[in-house]
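Report on the structure
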Amino acid sequence: MLLISCPWCGPRPELEFSYGGEAHIVRVADPAAVSDAAWAAFLHARSNPKGIHRERWRHTHGCARFFNAVRDTTTDVISTTYKQGEVPP
Amino acid sequence: MNGSFRLPTGGRIDRAYPLRFTFNGRAYDGCAGDTLASALLANGVHLIGRSFKYHRPRGILSAGSDEPSALVTIVRDDARRTPNQRAPQVELYEGLQAESQNHFPSLGFDIGVVNDFLSPLLPAGFYYKTFKWPAWAWHRIYEPLIRRAAGLGRAPTQPDPDRYVQRYAHCDVLVIGAGSAGLAAASQAVSAGARVLLCDEHPTIDAPFAATERVTLLSRTTAFGCYPYNMVGLAERLTDHLASPNPAHARERLWQVRAKEIVLATGALERPLVFPGNDRPGIMLSGAALTYLQRYAVLPGRRIAIVTSHDAAYRTADALREAGAEIAAVIDVRKGATITATGGRARVAWIRLGSGDVISCDTVLMCGGFTPSVHLFSQARGQLRFDPACQAFIPAAPLPGLRAVGACAGDFASEFGSGGTLGALDARGKAFVDFQNDVTAKDIALAVREGFRSIEHIKRYTTTGMATDQGKTANINALGIAADALALAPEQVGLTTFRAPFTPVTFGTFAGAARGVLFDPVRETPLHERAVARGAVFEDVGQWRRAHYFPRRGETQRDAVARECRTVRTEVGLFDGSTLGKIEVVGPDAAEFLDRMYVNTFRTLAVGRCRYGIMLREDGFVLDDGVIGRLAPDRFHVTTTTGGAARVLAMMEDYRQTEWPELDVWLTSVTEQWAVIGVQGPRAREVLTPLTDINLTLPHMSVATGQAGGAPARLFRVSFTGELGYEINVPPDAAGAVWDAIVSRGATPYGTEAMHVLRAEKGYIIAGQEADGTATPDDLGLTWAIGKSKRDFVGKRSLSLPALAASGRKQLVGLLTEDARTQLDDGTQLVDDPHQPVPMRVLGHVTSAYFSVALNRPIALAMLANGRARMDERLYVPMADCAIAVQVVSPVFYDPQGTRLHG
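So, about the overall build of chain B. Scanning chain B from N- to C-terminus turns up 23 helices and 46 strands. For a compact globule of 903 residues, the expected C-alpha radius of gyration is about 29 Å, and chain B comes in at 37 Å, more than 25% above that figure. Dimensions along the principal axes, computed over C-alpha positions, put chain B at roughly 105 × 70 × 55 Å. Here the contacts in chain B between residues at least 6 apart in sequence split such that 64% fall between residues at least 24 apart.

Following this line, the structure appears as structure tokens:
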């Protein structure tokens, strides 16, 4: 079980959290202005890297806030977590 | 007493406490402090079981958790038969009953031994090669036969009556293993004032410090898995060693320990040597013999031959000689001696040396060196390196917060001396590598010859290391043989992955209290007892228990549902809708937020009015629906489907927090704060009038607050039946009294089945049935709900993607069977020509099918390609023996003008 450090609550066991997919996928302000291909990429295309991955977690059974984490997908080591809206490290 | 192989003095047993036990029904004596293995050896019993594949006689190889051969079933009663217990780990108690496994009809005479003589036909991968044709025979004949012939103990057939508990723990230092290295590490940590947890799989821990608030000692506790972030799983055996455990006490305890530092002091396992006939009872590891002698005061035999490639065996030889055994020979393979055969039926009786000499003996001890127990280190993803000095893989470097000490780190030369081999001394004949899965040196060489190169593939093809002991004694020799066959160095071949658990852990330990009613929470509504009292039949809807229908004496389900439907259409029914998800959306930007989340427009919704809301996923498909009422300019009462409540709130929170943090709005689940009573039918207003101060003439799709039955209430005028209807929300504590008052005024309860029939008659969709995650609002005929002037909402952009805007998509329609009698089944398919060849061109499928009381005939809803353009067409539902003719009609079967609704 991962030990995840919620930026609001501190380290907590993984079972308090839910996973939220890749972070920093921006929903454009005016979806009508983007092409079909760009919109489809927003909906479905994810980087799925082997290595460093910036991803969203939600402390569902705690403060219920979304935040971001930097996890190495090969080792599961989360090097850092940061609040929603903060600049990614 | 105590058998003829027990020494008069010495050992850590208590001769003052004799114990009686049985093995295969025969009584034996042992004493306190014995294990089943030591007590059997003390009685001269070496034949313990039959092997997995060839049914060869097997004895006791080791003195610990690495035992591959001496597996027994421990029987307490019918429900407490624990199979595959390792005899060296089973602590003796008064009256213990043990049974051997995998033989028929008896341990001494086993028909399955024919497999041993047929073994030239049963090489590695034999079932892949042999049992290929005919294909049907695999499931019916070959697999059942193989499974019966090759097996371990049988699982108990009754539910486990014992109790299991679980707990979490945190510590500064977790030390695994209480040998000398572990005790040294733990002592150091205790002296430094750290919070220490020390565990060991043996019954006792001889710690030079006491357990305190900060120091926990866990004996009979196996560290079975090492997980990310220094989490270790421990299985503590609490009562298996007791003669008559108190059934109220837990049998085992699962510990999930998060440690700042983990010290692995798990020691090293002695390696067997691989030579022909190395598996007979009476052949054991040299270190095991030393343990039986020193700890249990048992001589494994009287005339003992020792085969070794390591200095450690000489220590065993000296100790045994001193204790009175005759050492017939010490065959040190490093000096060119070797062993080419063994003999004896149920017990080894002689060995043949490379020189041709035959030596008679009753015991053979072997020592091929030591393999550090790096299982947990490797599970923690630590890197290993091959150490030529000890001929084994050892930890290359500590991990952050995790280090190996003592023999686990390869540090055993000072205690045991040097030496060690890996691979086979002599691979001819039956030279066993994996005793538990009956894998020989030849099998591994064959796998390489047949083209397997990776050690992981060789493992899977030969099954070496895949038994319940996970190859503790086998893997390193298998690696050596594979390396020889591949002409590679051991470090180039590498090890197979170590996986948890280190030794098998019971299902009970993992399940803990999560059994029966505690397996998954059951949610009951505040009106549950009322429904029980009315004799309701319940159905599970997610975690909720909902009243399905309310049969009266002698009524079938169909009778009851028909009566309930008729009551709602002609009189008045009441319905427990408390499971509906409810979310209160509050704040200055509440309307703006809902405008972005739902397809509808809420900015323009007047206070006191409701709107039927549809929520899409961002990909444009309908996720959920529900009625939303505006209680104040900045306060909305949002309802969701029963099953969608958590999903909808999670999605709302996601957008609120991550996409639109600038919106000033709060979301609160109030599902359990409001019980909901639906009152539906032409008499609904008349029944409710005396019970509330709210003016019931409010228009359809309105909401008002006030009192009902003396409790604060939110009253919605809404209908999911097509009749005049209200939904009264009251606090849960008040719900029973309000329900009773409505019943006393003549309303009849109806269940979820009648609710479904009534809504289908009106063509109202169900999220999850008609809206199955691939339907757009237009597919469902709900385009009218979309706010035309809205620039954006979740899912809007996707609706104009080519695939979602294309013509020919499946659309919601109604179906009537032409014979007006046949009821369709959910999920059946629609075709235009029932005589076309299979696979037919499918045009759509049935999503809901019921018998309609109002129409007195079966009805169905369906999703049909281009359905709205196919009104009145005849289609067919192909079944196994016929094709049912159906007519495509509007999905609204009853009161299409909606006049009853506004009554």
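We now examine the overall build of chain A. For chain A, the count of helices and strands is 1 helix and 6 strands. In sequence order, chain A lays out its α and β elements as β-β-β-α-β-β-β. The principal-axis extents of the C-alpha atoms in chain A amount to approximately 40 × 30 × 20 Å. Per-residue burial for chain A yields a buried fraction of 13% across its 89 residues.

This next bit is on the interface of chain B and chain A. Accessible area lost during the coming together of the parts is what is often quoted as the interface size. Of the residues lining the interface, 20 residues belong to chain B; the matching set on chain A comes to 17 residues. Breaking the side of chain B that touches chain A down by element, the ones donating at least two residues are helix 18 (645–659) and helix 22 (796–799) of chain B. When grouped by side-chain class, the residues that make up the side of chain B that touches chain A number 7 nonpolar, 3 polar and 10 charged.

Looking now at the sheet that holds strand 41 (residues 810–817) of chain B. Residue and element names in this part refer to chain B. Taken together, 6 strands build an open sheet; the order of strands is 42-43-44-41-46-45 and the sheet is antiparallel. Of all strands in the sheet, those bounded by a partner on one side alone are strand 42 (829–830) and strand 45 (874–878). In the packing of helix 21 (residues 752–761) onto the sheet, the strands contacted are strand 43 (844–852) and strand 44 (857–865), and the crossing angle to strand 43 comes to about 115°.

Time to look at the sheet that holds strand 32 (residues 610–616) of chain B. Residue and element names in this part refer to chain B. What the 5 strands build is an open sheet, ordered 32-33-34-31-35; its pairing is antiparallel. A strand with exactly one partner marks an edge of an open sheet, and here the two such strands are strand 32 and strand 35 (666–669). Strand-to-strand twist of the sheet, defined as the mean angle between neighbouring strand axes without regard to direction, takes the value 30°. Strand direction decides the pairing type here: strand 31 (residues 581–586) and strand 34 (residues 635–640), joined by 6 bridges, are antiparallel. Bridging from a neighbouring strand, Lys582 pairs with Thr639 of strand 34. This element, helix 17 (residues 590–597), spans strand 31, strand 32, strand 33 (622–632) and strand 34 of the sheet and lies at about 130° to strand 31. With respect to the sheet, helix 18 is in contact with strand 31, strand 32, strand 33, strand 34 and strand 35, its orientation differing from that of strand 35 by roughly 165°.

Turning our attention to the confidence of the model for chain B. Across chain B, pLDDT averages 94, with 95% of residues at or above 70. If you check the scores for this complex, the pTM reads 0.87 and the ipTM reads 0.98.

This part covers the packing of helix 6 (residues 286–296) of chain B against helix 7 (residues 312–322) of chain B. Residue and element names in this part refer to chain B. Running from N to C, helix 6 and helix 7 point in directions that differ by 35°, and their axes come no closer than 9 Å. Our pair here, helix 6 against helix 7, has a crossing hand that is left-handed. Here Ser286, Gly287, Ala289, Leu290, Leu293 and Gln294 of helix 6 come into contact with helix 7, specifically with Ala312, Ala313, Thr316, Ala319 and Leu320. Considered class by class, the residues forming the contact of helix 6 with helix 7 number 7 nonpolar, 4 polar and no charged.

All right, on to helix 18 of chain B then. When the terminal C-alpha atoms of helix 18 of chain B are compared, their 21 Å separation across 15 residues agrees well with the 21 Å that a helix rising 1.5 Å per residue should span. Those residues of helix 18 of chain B not exposed but buried are Ala645, Val648, Leu649, Met652, Arg656 and Thr658 of chain B.

As a further point, take the pairing of strand 36 (residues 675–680) of chain B. Looking along a regular strand, one sees side chains alternate from face to face of the sheet. Residue and element names in this part refer to chain B. Of all 6 residues in strand 36, 6 are buried; the element is thus mostly enclosed. Side chains of strand 36 alternate between two faces, with Ala675, Ile677 and Val679 and Val676, Gly678 and Gln680 buried alike. Summarising the sheet, strand 30 (residues 573–576) and strand 36 pair through 4 bridges and their orientation is antiparallel. When the sheet's bridge partners are listed, Gly573 is paired in strand 36 with Gln680.

Time to look at the environment of Ala547 of chain B. Residue and element names in this part refer to chain B. On the secondary structure map, Ala547 appears in strand 29 (residues 544–549). A tally of 25 C-beta atoms within 10 Å means that Ala547 is categorised as buried. It is 9.3 Å that separates the C-alpha atoms of Ala547 and Gly535, two residues lying 12 residues apart in sequence.

Moving on, we come to the packing of helix 10 (residues 441–449) of chain B against helix 12 (residues 475–486) of chain B. All names here are of chain B. At a closest axis distance of 9 Å, the pairing of helix 10 and helix 12 adopts a crossing angle of 40°. What the angle tells us is that helix 10 and helix 12 run oblique. Between helix 10 and helix 12 the crossing geometry is right-handed. When helix 10 is examined against helix 12, the residues Ala441, Ile444, Ala445 and Val448 are found in contact with a partner set consisting of Ala478, Ile481, Ala482, Ala485 and Leu486. For the contact of helix 10 with helix 12, a count of residues per class yields 9 nonpolar, no polar and no charged.

On to helix 12 of chain B, then. All names here are of chain B. A rise of 1.5 Å per residue sets the reference length of helix 12, with its 12 residues, at 16 Å; its end C-alpha atoms lie 16 Å apart and thus fit the reference within 8%. Across the 12 residues that make up helix 12, a large majority, 10, are buried. Taken as a whole, helix 12 has its buried residues at Asn475, Ile476, Asn477, Ala478, Leu479, Gly480, Ile481, Ala482, Ala483 and Ala485.

What follows is about the environment of Val622 of chain B. All names here are of chain B. Mapped onto the secondary structure, Val622 falls in strand 33. Judged by the 25 C-beta atoms lying within 10 Å of it, Val622 falls in the buried class. Placed 169 residues apart in sequence, Val622 and Arg453 show a C-alpha to C-alpha distance of 51 Å.

A few words on unusual backbone geometry. Residues and elements named next belong to chain B. The omega torsion of the bond from Ala500 to Pro501 falls at -5°, within 30 degrees of zero and hence cis. By the secondary structure assignment, Pro501 is in the loop between helix 13 (490–493) and helix 14 (507–511). Residue Pro839 is reached from Val838 by a cis peptide bond, and omega for that bond is 0°. Along the chain, Pro839 falls in the loop between strand 42 and strand 43. If you check the backbone angles, Arg220 has positive phi at about 50° while not being a glycine. With respect to the element layout, Arg220 can be found in the loop between strand 10 (215–218) and strand 11 (221–227).

Residue and element names in this part refer to chain B. Inspection of the secondary structure assignment puts Gly480 in helix 12. Along the primary structure Gly480 and Gly494 are separated by 14 residues, whereas in three dimensions their C-alpha atoms are 9.9 Å apart. Among residues more than four places away in sequence, those in contact with Gly480 are Leu422, Gly423 and Pro490.

Scoring rules and cut-offs
- Residues numbered from 1 in each chain as written.
- Chains lettered and ligands numbered in written order.
- Predicted model: local features only at pLDDT ≥ 70, side-chain atom pairs only at ≥ 80, totals over all residues.
- Helix = DSSP H or I, 4+ residues; strand = E, 2+ residues; numbered from the N terminus.
- Rg over C-alpha atoms; globule rule 2.2 N^0.38 Å.
- Contact = placed C-beta atoms within 7 Å.
- Buried ≥ 20, exposed ≤ 12 C-beta atoms within 10 Å, placed from the backbone.
- Nonpolar A, V, L, I, M, F, W, Y, C, P; charged D, E, K, R; others polar.
- Pairing = 2+ DSSP bridges.
- Axes fitted to C-alpha atoms, helices over the stretch in contact; angles between N-to-C directions.
- pLDDT = per-residue confidence, 0-100.
- Left-handed = near helix turned anticlockwise from the far one by under 90°.
- Expected span 1.5 Å × (residues − 1).
- Parallel < 35°, antiparallel > 145°, perpendicular 65-115°, else oblique.

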